[in-house]
Amino acid sequence: MELDPDDVFRDEDEDSDNEFYQERESTKEYAVYLVDASPKMFSTTCPAEDQKNETHFHIAVSCIAQLLKTQIINRSYDEVAICFFNTREKKNLQDLSGVFVFNVAERDYLDRPTARFIKEFDRIEESFEKEIGSQYGIVSGSRDNSLYNALWVAQGLLRKGSAKTADKRILLFTNEDDPFGSVRAAAKTDMTRTTLQRAKDAQDLGISIELLPLSQPDEEFNVSLFYADLIGLGGDELALCTPSAGQKLEDMKDQLRKRMFTKRIVRRISFIIANGLSIELNTYALIRPTVPGAITWLDSVTNRPLKTERSFICADTGALVQNPAIRFQPYKGKSIKFSVNELSEIKRVSTGHLRLLGFKPLSCLKDYHNLRPSTFVFPSDKEVIGSTCIFIALHRSMLRLKRFAVAFYGNPSHPQLVALIAQDEIVSAGGQVEPPGMHMIYLPYSDDIRPVEELHTDTNVVPRATDDQVKMAMALMKRIDLKDFSVCQFANPALQRHYAVLQALALEEDELPEITDETVPDEEGMARPGVAKAIEEFKLSVYGDDYCETSEKIVTEASRKRKVAAVNAAKHIGNYNWEDLADNGKLKNLKVTDLKLYLMAHGLSVTGNKEVLMDRILNHMGK
């Protein structure tokens, strides 16, 4: 069975007839960026790479702007809103003081990022003080609580959509670890209580609140003063929350990138184990290639996306066919008619569930059984309570007995057998390296496996490397081995340039963003003494001491043919007096083939029409 290269990386569930099929809207994310705009965010500075000081407000705004440019490419259907609090002006649906929701015309407060939205937000610092303004929204003797109002506004923005079909998040940027520090004791207790209750109400609605703290240059952000209770940190989680990464712009960008690009659920499936016992699993696509976005056809006048509609026309009458098309299959001289629903039922071989069939030793699973990227599965108690407990028991037993599970799985029109391989958790000093769970390997059909053909016959003598050559090759590979290599470390330069051009066009930028080609060989690293010595020793072991490397190019079959053709052309042109032909204007009497032979003999280009060839010859002769 021939594999489609595009289908190899396609997610396993793309059949619209499947009742368990979930549109990409099910993994849509709604995010609200809450940015503290108090004077402290503008007065606190951190050193940047170019030795210039950057304010915390600039760091927060720059991070969000960069993430919006990335998000509009990777997750264009996610929706975002940007909200400033501790502001002089107010702009929000609830008309609360100290909160300003940034937006542009013809766009909802919570909507997909657009080119105009990103372009205007890039210039927010230039007009912020004039149009929005900064002030302390929480001061002693006042009942105004801008943080409470900001959480209320963010919760109102995230009322859109259902928590079951979308992830809702609030990302909070601030450098104030104790927002109620200037308020008197009684008022401070009351304002702290109401703010924490507002945060809890949002979390009860399925909205997660995440903190991105910005530390002072001489003082670390103390999460335990207030925000640990607001975001629900305690115990070990509080100890792991170290806000030291917020010192520089690049550090904060990395932190925000990790928060935004979390693993998305491909789909939720039911794992039927035995006797009606089933648990819920989430599936994740760990690695997928990044490809350019799909082409969207736009109307030439309104520049709006076009919607494709298909109509059937009767060949006899020319009228539009209103009723759905009826399909048929010839059988014994008769046409057996099928409706669309009947065909859908015929194609429905499986239900889309994952059904356990049994277990086999891990030694039975071969490397060539893995035809396509695996899917990672992890339990979920969201719909079926107890799924995690049952999954852990099964997971531990498979690891202990060194078994993998064989299961039946697939969409309605493409059922297949899969292998579930348990993966234990791997933890290092830096944290978790590999999570516990199972990898779902898609097993091949019998005709997917081909017998290995012998590359060489017995009559041919195959050169074999000596032990010394193998030893030198191993030493070379150890020298040039990339430590902690990951395919995710290298970006596709062609794809990066493609999106850089799109970004420059959309944002009307004068210059293209700088693109770094990370696939270029590391010449500096290859020139290190240890690596250069290993290369030289390997070369001597293979070619010997008598090998002389010259600057001449290796003669290929194509170059050999070109040399032979040039020699033959030189012999042929000797039949003509080219100087006389050029002086008397008789070159036009020759055939194009003869003109090309002259050019070929002198190593000149032979492309173009007859006039171009004649001019090229005259130029070569100095006429």
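See the structure printed just above.
Anyway, here's the lowdown on the structure attached to this text. Predicted model, so just to flag it, every value in this text is computed and none were measured.

Turning our attention to the pairing of strand β9 (residues 277–284). Consecutive side chains of a regular strand alternate in pointing toward one face of the sheet and then the other. Of all the eight residues making up β9, six are buried; the element is thus mostly covered by neighbouring parts of the structure. As defined by bridge partners, strand β8 (residues 265–274) adjoins β9 across eight bridges and the pair is classed as antiparallel. Note that in β9 the partner of S270 across the bridge is E280. The hairpin formed by β8 and β9 contains two residues between the paired strands, and N275 there has a positive phi angle of roughly 50°. Across four bridges, β9 lies against strand β13 (residues 375–379) in antiparallel orientation. Across the sheet, residue L281 finds its bridge partner in β13, namely P379.

Within the open sheet, the five strands sit side by side as β5-β4-β1-β6-β7. Their pairing is mixed. For this open sheet the edge positions go to β5 (99–102) and β7 (207–213), each flanked by a neighbour on one side alone. Pairwise comparison of adjacent strand axes, ignoring direction, gives a mean angle of 20° for this sheet. Judged from the seven bridges that link them, strand β1 (residues 28–36) and strand β4 (residues 79–85) form a sheet pairing that is parallel. Bridge pairing links Y33 to I82 in β4.

Below, the discussion takes up the pattern of salt bridges. Within the structure shown, the criterion is met by 14 salt bridges. Put simply, E129 and R88 hold a salt bridge, and the shortest N to O gap is 3.5 Å. With a gap of 41 residues between them, E129 in helix α5 (residues 124–131) and R88 in the loop between β4 and β5 connect regions that are remote in the sequence. Given a relative accessible area of 49%, E129 falls into the partly exposed group. Classification of R88 as partly exposed rests on a relative accessible area of 36%. It is possible to trace a salt-bridge network through shared partners that takes in K28, E79 and K160.

Below, the discussion takes up the packing of helix α19 (residues 592–601) against helix α20 (residues 610–621). Running from N to C, α19 and α20 cross one another at 35°; their axes reach a closest spacing of 10 Å. With respect to the hand of their crossing, α19 and α20 are arranged in left-handed fashion. Residues V592, L595, K596, Y598 and L599 of α19 pack against K610, L613, M614, R616, I617, H620 and M621 of α20.

Quick look at the environment of L172 now. Here L172 is to be found in strand β6 (residues 166–174). Overall, the relative accessible area of 1% leaves L172 in the buried class. Along the chain, L172 and L211 lie 39 residues apart, while their C-alpha atoms are 4.9 Å from each other. Every residue in contact with L172, bar those within four places of it in the chain, is listed here: L34, F85, E210, L211, L212 and Y227.

Our focus in this paragraph is the nonpolar core. V32, L34, Y227 and L230 are the most contacted members of the largest nonpolar core, which totals 37 residues. For this core, the secondary-structure elements that each account for two or more residues are β1, β4, β5, α6 (146–157), β6, α7 (185–204), β7 and α8 (227–231). Non-local contacts of V32, meaning those with residues more than four positions away in its chain, are made with A81, C83, A154, L157, L158, R169, I170 and L171. Formed by 31 residues, the second largest nonpolar core is a distinct cluster that contains M41, I64, A65 and F84.

A few words on unusual backbone geometry. Phi is positive for D95, close to 60°, though the residue is something other than glycine. One can find D95 in the loop between β4 and β5. Despite not being glycine, K332 has its phi angle at roughly 55°, a positive value. The topology assignment puts K332 in the loop between β10 (327–331) and β11 (334–338). For K332, a relative accessible area of 72% corresponds to the exposed category.

Let us look at the environment of L417. As for its position among the elements, L417 is in strand β15 (residues 414–423). As for L417 and P444, which are separated by 27 residues in sequence, their C-alpha atoms are 7.8 Å apart. Discounting residues that sit within four places of it in the chain, L417 has contacts with L357, A407, F408, I441, Y442 and L443.

Looking at the secondary structure, you find N86 in the loop between β4 and β5. A distance of 2.8 Å separates polar atoms of two side chains, one belonging to N86 and the other to D36. When near neighbours in sequence (up to four residues on either side) are disregarded, N86 contacts D36, A37, S38, G98, G133, S134, Q135, Y136, G137, I138 and S146.

Conventions and cut-offs
- The residue numbers shown here count from 1 along each chain, following its written sequence.
- At least 70 in pLDDT is required for a residue's local features to be given in this predicted model, at least 80 for side-chain atom pairs to be given and counted, and no such filter applies to totals for whole chains, interfaces and linings, which use all residues.
- The side-chain quantities take in all heavy atoms of the structure and omit both hydrogens and water.
- The classification of residues rests on relative accessible area computed with a 1.4 Å probe and restricted to protein chains. Under 20% of the type maximum is buried, over 50% is exposed, and intermediate values are partly exposed.
- Secondary structure counts use DSSP, requiring at least four H or I residues in a row for a helix and at least two E residues in a row for a strand, with both numbered from the N terminus.
- Only strands joined by at least two bridges in the DSSP assignment are considered to pair.
- Lines fitted to C-alpha atoms define the axes here, with helix axes fitted over just the stretch in contact, and angles between the N-to-C directions of these axes take values from 0 to 180 degrees.
- A carboxyl oxygen of Asp or Glu within 4 Å of a side-chain nitrogen of Lys or Arg is what we treat as a salt bridge.
- By definition, any crossing whose near helix is turned counterclockwise from its far helix by less than a right angle is left-handed, and any crossing with a clockwise turn is right-handed.
- Whether two residues are in contact is decided by their heavy atoms, any of which lying within 4.5 Å being enough.
- Side-chain atoms within 4.5 Å are what join buried Ala, Val, Leu, Ile, Met, Phe, Trp, Tyr and Cys residues into a set we call a nonpolar core.
- Polar contact is defined as a pair of N or O atoms within 3.5 Å, subject to the rule that within protein one atom must be able to donate a hydrogen and the other to accept it, and that residues adjacent in sequence are counted only when both atoms are side-chain atoms.

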